[in-house]
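# Summary of the model geometry
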Amino acid sequence: SAPPGDDRTLVLASGDTFAVFDRRGDFEPGPGSRHGLYVDGTRFLARFGLRIAGRLPLLLGSGVRPGAEGFFVHETNPDVRGGSGAPLERDLVHLVRRVTLRDACCSIELALQSYADREIRLPLELALAADFADVFEVRGSRRARRGEALPTLVDAQQVQVGCLGLAGIERTTRVQLPAA
């Protein structure tokens, strides 16, 4: 199983955009969490969580890339039991995340390498959430009113969520996935 979490963070900044990740490269919600992707003082993405077959990957290490243009995370699979395939023992799949932040865009590249002696199928799951909270709300201030959520759009290559703010400004978060 995965070791308990800690409060160490990885922070990236580019112009008016910054992101606060846990050391696994996730944004995890929770009381007092300041994780997320922020643009011009608004949190556009409050949750980004990666799971392997419903479980946290096992962290091997993470750190800032040379030039501070991004960071990397090395992980491996936990024990995976059940499902339609044979059980998969831990440490047979190496997962590398490369994260960069530029021009109000956060790119997360995932690379997997299998060391299993057979073909395997390993489900990767992403949990996403956007709250469009301003930095003062994230720090604990309460608002009497909030903007209105726009319809969520989902297809095979993207998820898009949005909010129409009280000042009539539309904000949108789009998570794009490569074509299969």
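These notes cover the structure that comes with them. (Residues numbered from 1 in each chain as written. Predicted model: local features only at pLDDT ≥ 70, side-chain atom pairs only at ≥ 80, totals over all residues. Heavy atoms only, no water.)

## Topic: the overall build of the protein chain
A tally of regular secondary structure across the protein chain gives one helix and 13 strands. When the helices and strands of the protein chain are placed in sequence order, the string is β-β-β-β-β-β-β-β-β-β-α-β-β-β. Relative to the 2.2 N^0.38 estimate, which gives 16 Å for 180 residues, the radius of gyration of the protein chain is 18 Å and therefore close to what a compact globule would have. Dimensions of the protein chain along its principal axes, counting C-alpha atoms only, are 55 × 35 × 30 Å. Sorting the 180 residues of the protein chain into buried and exposed places 35% on the buried side. A separation of at least 24 residues holds for 41% of the contacts in the protein chain among residues at least 6 apart in sequence. Summing over all exposed atoms, the protein chain offers an accessible surface of approximately 10800 Å²; the carbon and sulfur share of this is 50%. (Helix = DSSP H or I, 4+ residues; strand = E, 2+ residues; numbered from the N terminus. Rg over C-alpha atoms; globule rule 2.2 N^0.38 Å. Buried < 20%, exposed > 50% of the residue type's maximum accessible area, 1.4 Å probe, protein only. Contact = heavy atoms within 4.5 Å. Areas by Shrake-Rupley, 256 points an atom, 1.4 Å probe, with all protein chains shown as cover.)

## Topic: the sheet that holds strand 11 (residues 148–154)
Read from one edge to the other, the open sheet built from three strands follows the order 11-12-13, with strand pairing classed as antiparallel. Bordering the open sheet on either side are strand 11 and strand 13 (170–176), each of which pairs with just one other strand. Going from strand to strand, the sheet's axes swing by 10° on average, the running direction of each strand aside. Bridge count between strand 11 and strand 12 (residues 158–164): five bridges; the pairing is antiparallel. Opposite Leu150, over in strand 12, you have Gly162 as the bridge partner. (Pairing = 2+ DSSP bridges. Axes fitted to C-alpha atoms, helices over the stretch in contact; angles between N-to-C directions.)

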